[in-house]
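Structural characterization, general
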Amino acid sequence: MRIPVALPHAYRLLNHGPTTLVTTAHGGRANVMAAAWVMPLDFDPPKFAAVVAADTWTRELLLASGECVLHAPTTAQVDLTYAVGSRSGRDGDKFAALAIATEPASLVQAPLVRGCAAWLECRRLPEPALEAAHDLFVLECVAAWADDALWSGGGWRFPADGPRTIHHEKGGRFFATGDPVAARR
């Protein structure tokens, strides 16, 4: 079940560096892409940086709507993550073609992809120079959610035999998030 995450803790949802899915929507069209280069920037208000290439349909929809949703997909979604990262939304509706289950977001128009570990509804903070020079978008998180089976007490709790978030290496090869290791205090 999807549960809310306090906005000052939203950074924790992506702080461990997982591959993400980015959904956008505008003018009756929606898209989803995979993005490996997404990271937290600030706590309160929570901000994230995401690289969205200049020639992507996602970028066009993000610029038009000013909104997106960042998702942390799980090991169960490796094939989906690779598929949405390997084709363009300009060539057709990825949601229909890949039978991607979604539900409405609470504050933005972009849909939430079901089955993810986390969802971060975001609004674009325009930084035209960064966007043009580096394809880097600054996003403010306005609502954050996590799967209650994986998130507890303000942090991740990945079961040994259950889903974990994923990290992309190259060419369809991913790693699953590993076991936590605590430093001595």
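Residues numbered from 1 in each chain as written. Predicted model: local features only at pLDDT ≥ 70, side-chain atom pairs only at ≥ 80, totals over all residues. Heavy atoms only, no water.

On to the side chain of Lys94. Tracing the chain through its elements places Lys94 in helix 3 (residues 94-97). Although Lys94 is buried, it forms no salt bridge, and the closest oppositely charged side chain is Asp91 at an N-O distance of 8.6 Å. A polar side-chain atom of Lys94 sits 2.8 Å from the main-chain carbonyl oxygen of Val84. For Lys94, the contacting residues outside a window of four places in its chain are Asn31, Val32, Met33, Val84, Arg87, Ser88, Gly89, Ala99 and Ile100. (Helix = DSSP H or I, 4+ residues; strand = E, 2+ residues; numbered from the N terminus. Buried < 20%, exposed > 50% of the residue type's maximum accessible area, 1.4 Å probe, protein only. Lys, Arg positive; Asp, Glu negative; His and termini not counted. Salt bridge = Lys/Arg side-chain N within 4 Å of Asp/Glu carboxyl O. Polar contact = N/O pair within 3.5 Å; in protein donor to acceptor, adjacent residues only side chain to side chain. Contact = heavy atoms within 4.5 Å.)

This paragraph deals with the pattern of salt bridges. In total, this model carries nine salt bridges according to the counting rule given. Notably, a salt bridge pairs Lys47 with Asp42, separated by 3.4 Å at the nearest N-O pair. Notably, a salt bridge pairs Asp179 with Arg164, separated by 2.9 Å at the nearest N-O pair. With Asp179 in the segment after strand 14 (173-176) and Arg164 in the loop between strand 12 (155-156) and strand 13 (166-170), the pair connects residues that are 15 residues apart, well separated along the chain. Relative accessible area serves as the criterion here: at 9%, Arg164 is assigned to the buried category. Within this structure, Arg2, Glu103 and Arg114 form a network of salt bridges that share partners.

Before going further, it helps to examine the nonpolar core. With 28 residues, the main nonpolar core has Leu13, Leu70, Leu120, Leu139 and Trp156 as its most contacted residues. Secondary structure elements with two or more residues in this core: strand 3 (29-35), strand 5 (46-51), strand 6 (67-72), strand 9 (118-125) and strand 10 (136-147). Broken down by element, the residue count for this core peaks at five residues, all from strand 10. When near neighbours in sequence (up to four residues on either side) are disregarded, Leu70 contacts Leu14, Leu21, Val22, Val38, Phe48, Ala118, Trp119, Leu120, Cys122 and Leu139. Judged by nonpolar contacts, the second largest core, of 17 residues, contains Leu112, Val142, Ala143 and Trp145. (Core = buried A, V, L, I, M, F, W, Y, C linked by side-chain atoms within 4.5 Å.)

This part covers the pairing of strand 6. Working note: regular strand, side chains alternate between the two faces of the sheet. The element strand 6 is extensively covered by neighbouring structure, given that six of its six residues are classed as buried. Burial along strand 6 is two-sided: the face carrying Glu67, Val69 and His71 and the face carrying Cys68, Leu70 and Ala72 are both buried. Here three bridges tie strand 2 (residues 20-26) to strand 6, and the two strands are oriented antiparallel to one another. Bridging across to strand 6, Val22 finds its partner in Leu70. For strand 6 and strand 9, the ladder comprises six bridges, and the chain directions are antiparallel. Bridged to Glu67 within strand 9 is Arg123. (Pairing = 2+ DSSP bridges.)

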